[in-house]
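For reference, the chains in residue letters:
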Amino acid sequence: MSLAIISPGRDASVWVENFKKLDPSIDIQVYPDISSPEKVEVVTLWNHPSGILSDFPNLKLICSMGAGVDHILTDESIPSDIPITRIIDDKLTISMTNYVVMAVLNHHRQIKRYQADQLRRIWDMSNPEIPVTVGVLGVGELGGDIADKLLNLRFEVIGIGNSPKENLDYEYYFGDQIHKFLSKINILVCMLPLTPETEGILNLEFFRKCQKGTYLINVARGKHLIEEDLLTALDEGYISGAMLDVFQKEPLPVEHPFWNRNEITITPHIASVTNPGAAAPQIIENYHRVQKSQPFINQINRKRGY
Ligand code: OXD
């Protein structure tokens, strides 16, 4: 039995090191040097070449190397009965929450305005805070933590998801109440998983339901956003600015119009980066569970897509 690592363009050696530390006996094959595909029962993936998993006739488990699994589910050649797991890790959650808290605070305390004032030596004490109500679109593992932490900082927070939830300390909507949700908030944080239902959800029709001046934070996936619609929504005033960590195409092409828009702050998909040291134990635990035919940890629901 062996574990294959397939993450083209990423350094796999740090993963191998962490896996070996946890289980020195494990046989690991790293793509593209897979010499015995028939021995591979577990694969761990990040942006694998589509279709490649059909090379492994004895595959029993697919592990994402990150929190998201959309990069796996878009490969239609993967048989529907193979379980898929993802990484759930406190460090990932903390980084993501800190990033969003930073983005909310930067907007609320107008850091761009004061940076521009500094350049022009302007001392302007008027209106130092923008009053905000933060809407979190998707309050799962990561979005739920963001909502809780913002609430602890005494922000007004409203969540929305696709199923009813109980015992939340903030107002929560589900189902088709998006209109009501958007009419109450002026910072929108997209934390949705990427599925066929959520792809392109941040589009012009959606933005036109927002209160004028809403600030957008997207740390989920670039494909949630129709990028040219954001430019129109900025021009129309529905969106006043955005902090974006994810893009339709990454790295963001140098000629992309977002680079020239002062209202948009860009970071290069660093909001929350998987730490192999923290993620490896979950993958090795699941590898051992394949050997013992036990249920997996952090398995996603393939029908739901997350
Ligand atoms: C992830 C990511 O899903 O890095 O882990 O985006």
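Note that the structure is predicted; figures quoted are calculated from it, not measured. (Residues numbered from 1 in each chain as written. Predicted model: local features only at pLDDT ≥ 70, side-chain atom pairs only at ≥ 80, totals over all residues. Heavy atoms only, no water.)

Let's talk about the pattern of salt bridges
The final tally for this structure, using the stated rule, is 13 salt bridges. Of the charged contacts in the structure, one is a salt bridge between Arg 113 and Asp 117, with a shortest N-O distance of 4.0 Å. Of the two residues, Arg 113 and Asp 117 are both situated in helix α4 (residues 111-119); the distance of four residues between them amounts to about one turn of the helix. Of the charged contacts in the structure, one is a salt bridge between Asp 145 and Lys 149, with a shortest N-O distance of 3.0 Å. Of this pair, Asp 145 and Lys 149 both sit in helix α5 (residues 141-152), four residues apart, which is roughly one turn of that helix. Look at Asp 145 and you get buried, because its relative accessible area is 17%. Take Lys 149: its relative accessible area is 34%, and that puts it in the partly exposed class. A cluster of three or more residues bridged by salt bridges with shared partners is formed by Arg 113, Asp 117, Arg 120 and Asp 124. (Salt bridge = Lys/Arg side-chain N within 4 Å of Asp/Glu carboxyl O. Helix = DSSP H or I, 4+ residues; strand = E, 2+ residues; numbered from the N terminus. Buried < 20%, exposed > 50% of the residue type's maximum accessible area, 1.4 Å probe, protein only.)

Re the site of the ligand
Taken together, Trp 46, Gly 66, Ala 67, Gly 68, Arg 221, His 269, Ser 272 and Thr 274 form the complete shell of residues around the ligand. Ala 67 is positioned with one of its backbone polar atoms (N or O) 2.7 Å from an oxygen atom of the ligand. Contacts to the ligand include Gly 68, whose backbone N or O atom sits 2.7 Å from an oxygen atom. Here the ligand has 210 Å² of accessible area as a free molecule, and 88% of this is covered by the chains. The class makeup of the residues in the shell around the ligand is two nonpolar, five polar and one charged. (Near = heavy atom within 4 Å. Polar contact = N/O pair within 3.5 Å; in protein donor to acceptor, adjacent residues only side chain to side chain. Areas by Shrake-Rupley, 256 points an atom, 1.4 Å probe, with all protein chains shown as cover. Nonpolar A, V, L, I, M, F, W, Y, C, P; charged D, E, K, R; others polar.)

Notes on the sheet that holds strand β9 (residues 187-190)
If you walk across this open sheet you meet the seven strands as β8-β7-β6-β9-β10-β11-β12, and the pairing is parallel. Here the strands that pair on one side only, and so sit at the sheet edges, are β8 (171-174) and β12 (264-266). With strand direction ignored, the average angle separating the axes of adjacent strands in the sheet is 15 degrees. Examined bridge by bridge, β9 and strand β10 (residues 214-218) share four bridges and lie parallel to one another. When the sheet's bridge partners are listed, Leu 188 is paired in β10 with Leu 216. The sheet contacts of α5 involve β6 (133-137) and β7 (156-161), and relative to β6 the element is tilted by about 165 degrees. (Pairing = 2+ DSSP bridges. Axes fitted to C-alpha atoms, helices over the stretch in contact; angles between N-to-C directions. Contact = heavy atoms within 4.5 Å.)

What about the environment of Pro 276?
Secondary-structure assignment places Pro 276 in helix α9 (residues 276-292). Between the alpha carbons of Pro 276 and Ile 178 there is a distance of 37 Å; along the sequence they are 98 residues apart.

Digging into the side chain of Glu 227
By the element assignment, Glu 227 lies in helix α8 (residues 227-236). Buried charge without a partner: Glu 227 forms no salt bridge, and the closest opposite charge is Lys 249, 10 Å away. A polar contact is formed between the side chain of Glu 227 and the side chain of His 256, at a distance of 2.8 Å. Not counting residues within four places of it along the chain, the set of residues in contact with Glu 227 comprises Phe 247, Gln 248, His 256 and Phe 258. (Lys, Arg positive; Asp, Glu negative; His and termini not counted.)

Examining the domain arrangement of the protein
Accessible area lost on assembly of the parts is the figure often given for the size of an interface. Domain annotation for the protein reports domain 1 (2-89 + 275-292) and domain 2 (90-266). If you average the C-alpha positions of domain 1 and of domain 2, the two centres end up 32 Å apart. Contacts between the two partners involve nine residues from domain 1, matched on the other side by seven residues from domain 2. Buried surface at the junction of domain 1 and domain 2, both sides included, amounts to about 750 Å², of which 51% is carbon and sulfur. (Domains from an automatic or database assignment. Buried area = accessible area lost by both parts, 1.4 Å probe.)

Remarks on the nonpolar core
Generally speaking, soluble globular proteins have nonpolar side chains that are buried together. Formed by 29 residues in total, the largest nonpolar core has its most connected members in Leu 216 and Leu 230. Taken together, the elements giving at least two residues each to this core come down to β7, α6 (178-184), β9, α7 (204-207), α8 and β11 (239-244). Tallying contributions element by element places α8 first for this core, with four residues. In this structure, Leu 230 is in contact with Phe 207, Leu 216, Leu 225, Ile 239, Ala 242, Leu 244, Phe 258 and Ile 264, ignoring residues within four places of it in sequence. Formed by 26 residues, the second largest nonpolar core is a distinct cluster that contains Met 96, Ala 147, Tyr 172 and Val 189. (Core = buried A, V, L, I, M, F, W, Y, C linked by side-chain atoms within 4.5 Å.)

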